[in-house]
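Spelled out from the first residue to the last, the chains are:
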Amino acid sequence: MEVILVIIGIVIVAAVAAALFEFRVRQPDVIVLYETNGQIQVRKRPFYPRHFSLPLKRTTWPVQLTVEAAAVGNLGVRIKLVGAAGPSIAHISALIRVGGWDGDAVVHAVDQVKIVLQALVKEYTERSTINAISSAGVLKHLSEHLDKIEERFGVELVSLAVQSLDPTDPKIAEALSQQEEARLLEQTEQLKHQATVSAARA
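Residues numbered from 1 in each chain as written. Predicted model: local features only at pLDDT ≥ 70, side-chain atom pairs only at ≥ 80, totals over all residues. Heavy atoms only, no water.

Caption draft 1: Spotlight on the nonpolar core. Within the largest apolar cluster, 37 residues are counted, with the highest numbers of intra-cluster contacts made by Leu33, Leu81, Leu95, Leu117, Val138 and Leu142. At 10 residues, helix H3 (residues 105-126) tops the list of elements feeding residues into this core. Ignoring any residue separated from it by four or fewer positions in sequence, one finds Val138 in contact with Ile79, Leu81, Val121, Tyr124, Val162 and Leu165. (Core = buried A, V, L, I, M, F, W, Y, C linked by side-chain atoms within 4.5 Å. Buried < 20%, exposed > 50% of the residue type's maximum accessible area, 1.4 Å probe, protein only. Helix = DSSP H or I, 4+ residues; strand = E, 2+ residues; numbered from the N terminus. Contact = heavy atoms within 4.5 Å.)

Caption draft 2: Fine view of the pattern of salt bridges. This structure, assessed with the given rule, holds 2 salt bridges. Arg78 is the salt-bridge partner of Glu68, the closest N and O atoms lying 2.6 Å from each other. Of the two residues, Glu68 sits in strand E6 (residues 61-71) while Arg78 sits in strand E7 (residues 75-87), which places them 10 residues apart along the sequence. Here Glu144 makes a salt bridge to Lys140, at a shortest N to O gap of 3.1 Å. Lys140 gets classed as exposed once you look at its relative accessible area, which sits at 53%. (Salt bridge = Lys/Arg side-chain N within 4 Å of Asp/Glu carboxyl O.)

Caption draft 3: Structural context of the pairing of E7. Pairing of E6 with E7, which is carried by 11 bridges, proceeds in the antiparallel orientation. Counterpart to Val67 in the pairing with E7 is Ile79. Connecting E6 to the antiparallel partner E7 that follows it, the hairpin turn spans 3 residues, and Gly73 within it adopts a positive phi of roughly 90°. Taken together, the 11 bridges between E7 and strand E8 (residues 155-167) define a ladder with antiparallel strand orientation. If you follow Ile79 over to E8, its bridge partner there is Leu165. (Pairing = 2+ DSSP bridges.)

Caption draft 4: The side chain of His141, seen in detail. Among the structural elements, His141 can be located in helix H4 (residues 135-143). Leaving out residues up to four positions away in the same chain, His141 has contacts with Leu120, Glu123, Tyr124 and Arg127.

Caption draft 5: Summary view of unusual backbone geometry. Positive phi values are uncommon outside glycine, yet Asn74 reaches one of about 60°. Positionally, Asn74 belongs in the loop between E6 and E7. Owing to a relative accessible area of 66%, Asn74 belongs among the exposed residues under this scheme.

Caption draft 6: Structural context of the sheet that holds E7. Pairing in this open sheet of 3 strands is antiparallel, and the strands run E6-E7-E8 from one edge to the other. In this open sheet, the two edge strands, each paired with only one partner strand, are E6 and E8. Looking at each pair of strands side by side, their axes are set apart by 20° on average, direction ignored. Running over the sheet, H3 touches E6, E7 and E8 and is turned about 25° from E6. (Axes fitted to C-alpha atoms, helices over the stretch in contact; angles between N-to-C directions.)

Right, dumping it as structure tokens:
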């Protein structure tokens, strides 16, 4: 009888040790994935088996990209994009397909997204004149494709901005700068004139 109790005790201890070794506590900022019947699913329970799961952090990853593009007339322009990206829960299967069954899946997918963003920026500049290219125009063109990017790559671009936009030719950059200064000066003079007219009528 004592031998049986000892054996049972050993079995229980071994089972507890195995459970402690295999199972992990899911952290609040972590998505835990698993595969079943060829589909990627998200584990909702607080504990998960580490050998049959893939934990992914919900944190965002930086997106930094410098694009050397050309406007109409083959005039060069340099555009720097900055932003942040994170995993898209709605398209998590696409993320794993692109980034692989790996803790750095989002990083791998973001690298692919950068290639697409670069192509989209060039698409926008190639059909625009150098003086018509603007940060707002670039972002508008990119925003029209963000849903497709998320669906295809499983990555959500939570923020995206144009950090800088400059012609690669210094002479053209200077000419555009002077043109913008002249436009602002003209606009200021018009506002002053309107204010003077309004004051006179009052």
